[in-house]
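# A closer look at the structure
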Amino acid sequence: MQKLVRRLLLVLLFFAAVAAMLGGAVAWWLAQPLRLSAPSLELEVEPGASPRGVAQAVVEAGVQTDARLLYYWFRLSQQDRQIRAGNYELTTGVTPRSLLQKLVRGEESLRAITFVEGWTFRQVRAQIARDEFLKHDTQQMTDAEIMTALGKPGVAAEGMFFPDTYTFAKGSSELAVLRRALHAMERRLDEVWAQRTPDSPLKTPYEALILASIVEKETGRSTDRGQIAGVFANRLRIGMRLQTDPTVIYGLGEAFDGNLRRRDLQTDTPWNTYTRAGLPPTPIALPGKESLLAAVRPESTKAYYFVARGDGSSHFSATLDEHNRAVNRYQRGGR
């Protein structure tokens with residue numbers, strides 16, 4: 001009996017020693033600086049990311065460790081569900097312990113940049129180029145190369161970025177900010193597409209994005225947004241040309257001097273909705289959420305025409321005769 005007890009004690013001591021060694025090894029690893037592929041890395045934690053997804057994102061950001069070890073550490077800490085979404089800066093010296101603390105506390109090194117509703121992608125690029133806190137990694141890229149780098153090869157950049165204010169860590173790349181804006185637009189577009197009316201003339205979410213961008217540029221007063229979308233929806237249903245000036249201006253590009261002439265309306269480009277039926281091939285600007293929603297849920301209206309009153313609002317007409325009278329009244333001084 002004594003021999004059995006002695007053996008059990010030895011076994012217990014052995015496992016206790018192993019546990020102590022493992023515990024010591026874990027404690028040592030948690031305190032060791034992680035190897036980084038660069039002195040400063042950007043880490044984006046998407047909203048709703050799982051602990052395993054966060055661990056994988058850390059490795060993909062350039063932290064040279066095993067994602068499984070990080071995941072097990074997150075789970076062992078029992079703080080895995082407290083990790084906050086955001087954009088983080090990881091610098092030399094960060095340890096597994098300090099990394100988790102940063103993610104749980106949401107310790108972002110925050111700066112902010114704003115993309116405005118109605119901007120073109122050219123304006124977006126100018127905005128990020130001016131920001132002194134961003135790492136300028138897209139300045140030598142074409143629009144197409146940027147979209148390829150964002151995982152959207154062959155997709156036009158115009159209109160694909162949600163207009164909003166984005167916070168980012170100092171030294172974050174332009175691509176990281178653009179990626180967040182791209183994902184935000186994809187989420188908003190999915191949300192509104194699910195709410196589209198059954199009789200919508202739009203066939204795809206991308207068509208909704210195109211129409212929303214036109215609504216954004218045509219809307220002078222937010223209360224008119226739904227009815228403007230209704231006019232365009234009515235025209236699309238019967239195959240009537242949209243005949244909207246902002247698409248002509250977009251098609252002219254840098255050649256537009258601020259004065260839209262009759263010859264411009266007659267100059268054919270892929271975006272000229274006076275010379276071509278249907279929607280243009282791409283969006284013409286960044287649409288906000290209200291314009292996205294208006295595009296898929298336009299107001300029911302009998303109007304097929306509208307004209308600016310000069311005070312930001314629009315006058316809507318059901319017939320061409322009524323529209324011509326409105327044009328004479330509001331744009332030709334009653335002549």
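First, a word on what this report is: a plain description of the structure on this page. Here the structure is a predicted model, which means the values were calculated and not measured.

Parameters and conventions
- Residues numbered from 1 in each chain as written.
- Predicted model: local features only at pLDDT ≥ 70, side-chain atom pairs only at ≥ 80, totals over all residues.
- Heavy atoms only, no water.
- Salt bridge = Lys/Arg side-chain N within 4 Å of Asp/Glu carboxyl O.
- Buried < 20%, exposed > 50% of the residue type's maximum accessible area, 1.4 Å probe, protein only.
- Helix = DSSP H or I, 4+ residues; strand = E, 2+ residues; numbered from the N terminus.
- Phe/Tyr/Trp six-rings, centres within 6.5 Å; stacked < 30°, edge-to-face > 60°.
- Lys NZ or Arg CZ within 6 Å of the ring centre and 35° of its normal.

### Details of the pattern of salt bridges
The final tally for this structure, using the stated rule, is 15 salt bridges. Between Asp80 and Arg75 there is a salt bridge, with the nearest N and O atoms lying 3.5 Å from each other. For Arg75, a relative accessible area of 45% gives the class partly exposed. With a closest N to O distance of 3.1 Å, Glu290 and Arg225 form a salt bridge. Note that Glu290 is positioned in helix α12 (residues 289-296) and Arg225 in helix α9 (residues 225-238), a separation of 65 residues in sequence. Look at Glu290 and you get exposed, because its relative accessible area is 51%. Three or more residues are tied together by salt bridges with common partners; here these are Arg75, Asp80 and Arg81.

### A look at the packing of aromatic side chains
This model, assessed by the stated rule, comprises six aromatic pairs. Where Tyr71 meets Tyr72, the ring centres are 5.8 Å apart and the plane angle is 50°; that geometry is what we call tilted. When its relative accessible area of 11% is taken as the criterion, Tyr71 is described as buried. With a centroid separation of 5.8 Å and 40° between ring planes, the pair formed by Phe306 and Phe316 is classed as tilted. Of the two residues, Phe306 is situated in strand β5 (residues 305-308) and Phe316 in strand β6 (residues 314-317); the sequence distance between them amounts to 10 residues. Phe316 carries the same exposure label as Phe306, and that label is buried. Over the aromatic face of Phe133 sits the side chain of Arg111, whose NZ or CZ is 4.2 Å from the ring centroid.

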